[in-house]
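Understanding the architecture of this molecule
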Amino acid sequence: QLLNPLTMGEVTVEVIGVVVEAVTGLFLLPFALLWVMAAFLIFFLVATIGRWIRLKQWADRIAFLAGLITLWISKLLFIPQMTSYLPFADYLRDLDPAVRSSMMILLPILILGLSLYLARLIVKRREIESLPIQFGIYALLDITLTALLYGAMLQGAGG
């Protein structure tokens with residue numbers, strides 16, 4: 001049996017639904033700043049201790065990693081459903097359950113990778129040498145993507 005093609009009106013309604021769900025997620029950003037504050041606190045604490053014990057060039061790298069881990073732990077504590085929820089699931093309801101389950105796990109990993117990649121591009125193009133600023137760029141990208149994808153779920157609007 002042939003599938004009925006979507007009309008332009010149906011496509012428009014679906015696109016508007018996705019956009020509204022993503023924009024609704026942006027209301028999560030003020031809460032996400034708490035994750036970033038905790039991560040920056042750990043970042044600066046580890047960097048300071050690293051310099052104090054004379055780790056020199058390794059101090060900032062270890063601090064970046066500690067901040068990144070703190071950000072993700074904070075995020076997973078605040079949104080424990082991240083690995084069991086699929087954003088925009090209403091629009092993906094025809095997917096095989098195994099694919100949907102895989103996407104639930106892979107999406108947070110994709111956010112991590114995409115945020116790191118985009119931050120690296122920005123840092124290289126702008127020639128930013130300050131590691132705290134580099135970490136801030138990563139954190140801002142990460143929380144924005146997370147808010148866009150998972151924020152609607154926290155407000156009960158997600159699918």
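Calculation notes
Residues numbered from 1 in each chain as written. Predicted model: local features only at pLDDT ≥ 70, side-chain atom pairs only at ≥ 80, totals over all residues. Heavy atoms only, no water. Core = buried A, V, L, I, M, F, W, Y, C linked by side-chain atoms within 4.5 Å. Buried < 20%, exposed > 50% of the residue type's maximum accessible area, 1.4 Å probe, protein only. Helix = DSSP H or I, 4+ residues; strand = E, 2+ residues; numbered from the N terminus. pLDDT = per-residue confidence, 0-100. Phe/Tyr/Trp six-rings, centres within 6.5 Å; stacked < 30°, edge-to-face > 60°. Axes fitted to C-alpha atoms, helices over the stretch in contact; angles between N-to-C directions. Parallel < 35°, antiparallel > 145°, perpendicular 65-115°, else oblique. Left-handed = near helix turned anticlockwise from the far one by under 90°. Contact = heavy atoms within 4.5 Å. Nonpolar A, V, L, I, M, F, W, Y, C, P; charged D, E, K, R; others polar. Salt bridge = Lys/Arg side-chain N within 4 Å of Asp/Glu carboxyl O.

A look at the nonpolar core
- Of all hydrophobic cores here, the largest spans 33 residues; its most connected members are Trp35, Phe64, Leu71, Ile79, Phe135, Tyr138 and Tyr150.
- Where this core is concerned, the elements lending two or more residues are α2 (29-52), α3 (57-78), α4 (97-126) and α5 (131-154).
- Ranked by the residues each element gives to this core, the list is headed by α5, at 10 residues.

Here's the deal with the confidence of the model for the protein chain
- Overall, the predicted model of the protein chain reaches an average pLDDT of 84, with 93% of residues at or above 70.
- Within the protein chain, no element has a lower average pLDDT than helix α1 (residues 8-25), which sits at 75, and none a higher one than α4, at 93.

Here we look at the packing of aromatic side chains
- Per the stated rule, a full pass over the model turns up nine aromatic pairs.
- Aromatic pair Trp35 and Phe78: ring centres 5.6 Å apart, planes at 65°, arrangement edge-to-face. Here Phe78 lies in helix α3 and Trp35 lies in helix α2, a separation of 43 residues in the sequence.
- Relative accessible area serves as the criterion here: at 37%, Phe78 is assigned to the partly exposed category.
- The interplanar angle of 20° and the centroid separation of 5.8 Å between the aromatic rings of Phe40 and Phe44 together place this pair among those described as stacked. Of the two residues, Phe40 and Phe44 both sit in helix α2, four residues apart, roughly one turn of that helix.
- Classification of Phe44 by relative accessible area gives partly exposed; the value is 41%.

A closer look at the packing of α2 against α3
- Where α2 contacts α3, the axes come no closer than 8 Å and their chain directions differ by 155°. With respect to α3, the element α2 is oriented roughly antiparallel. The hand of the α2/α3 crossing is right-handed. From α2, Phe31, Trp35, Val36, Ala38, Ala39, Ile42, Phe43, Val46, Ala47, Gly50 and Arg51 reach across to α3, where they touch Ala59, Asp60, Ile62, Ala63, Phe64, Ala66, Gly67, Thr70, Leu71, Ser74, Lys75 and Phe78.
- Here the contact of α2 with α3 is built from residues that sort into 16 nonpolar, four polar and three charged.

Overview of the environment of Phe31
- Along the chain, Phe31 falls in helix α2.
- Taking relative accessible area as the criterion, Phe31 reaches 46% and is therefore assigned partly exposed.
- In this structure the C-alpha to C-alpha distance between Phe31 and Met8, which are 23 residues apart in sequence, comes to 37 Å.

Section: the pattern of salt bridges
- Under the definition given, this model contains two salt bridges.
- Residue Asp60 pairs with Arg51 through a salt bridge whose shortest N-O separation is 2.5 Å.
- Accessibility expressed as a relative area gives 22% for Asp60, which makes it partly exposed.
- On the accessibility criterion, Arg51 (48% relative accessible area) is partly exposed.
- For Lys75, the salt bridge identified is with Asp142, shortest N-O distance 2.6 Å. A residue pair is termed long-range when its members are at least 10 positions apart, and Lys75 in helix α3 and Asp142 in helix α5 qualify at 67 residues.
- For Asp142, a relative accessible area of 0% gives the class buried.

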